[in-house]
Amino acid sequence: QVQLVESGGGLVQAGGSLRLSCAASGRTFSTYAMGWFRQTPGKEREFVAAINWSGTSTRYAEAVKGRFTISRDNAKNTVYLRMNGLKPEDTAVYYCAAGTTANLGRNYYTSAEYAYWGQGTQVTVSS
């Protein structure tokens, strides 16, 4: 099994930056694609970003493209989400997710593609 632990969330002013981390354990981290999702009360979980096993392929939701960057350090079993130019609408609980394949499939943006999830970390962006 896989355990994922997110960290790095907090309160930041609009226009500010934050970097989230997701530490993984329980399997060979470098073998699997990873993703970030977010969720606010009353809304469905929303895709944010994804990255393949080697970090050579990334995908982003249109809402965050150009502002967020997903990366990974397989030696540390960690995936990151750097968030720049934060907006109040970015406020959400952010979840790290581990896939079951090395590469990103055509449905990389759906929750069903990911088998394991972290507990989430709160990001709040003030206006």
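The structure under discussion appears in the preceding block.
Now for a description of the structure that goes with this document.

Of all hydrophobic cores here, the largest spans 33 residues; its most connected members are Met 34, Trp 36, Val 79, Leu 81, Met 83 and Tyr 94. Sorting the residues of this core by element identifies β3 (18-25), β4 (34-39), β5 (46-51), β7 (68-73), β8 (78-83), β9 (92-99) and β11 (121-126) as the ones contributing at least two each. Beyond its immediate sequence surroundings of up to four residues, Tyr 94 is in contact with Glu 6, Leu 20, Trp 36, Phe 37, Arg 38, Val 48, Phe 68, Leu 81, Met 83, Gly 120, Thr 121 and Val 123.

Further remarks concern the sheet that holds β7. Here we have 4 strands laid out as an open sheet, ordered β1-β3-β8-β7, and antiparallel in their pairing. Unpaired on one side and paired on the other, β1 (3-7) and β7 mark the two borders of the sheet. The average angle at which neighbouring strand axes cross in this sheet is 15°, direction not considered. Bridging between β7 and β8 involves 6 bridges; their strand directions are antiparallel. Residue Ser 71 lies in a different strand from β8, and its bridge partner there is Tyr 80.

About the cut-offs
- Residues numbered from 1 in each chain as written.
- Predicted model: local features only at pLDDT ≥ 70, side-chain atom pairs only at ≥ 80, totals over all residues.
- Heavy atoms only, no water.
- Core = buried A, V, L, I, M, F, W, Y, C linked by side-chain atoms within 4.5 Å.
- Buried < 20%, exposed > 50% of the residue type's maximum accessible area, 1.4 Å probe, protein only.
- Helix = DSSP H or I, 4+ residues; strand = E, 2+ residues; numbered from the N terminus.
- Contact = heavy atoms within 4.5 Å.
- Pairing = 2+ DSSP bridges.
- Axes fitted to C-alpha atoms, helices over the stretch in contact; angles between N-to-C directions.

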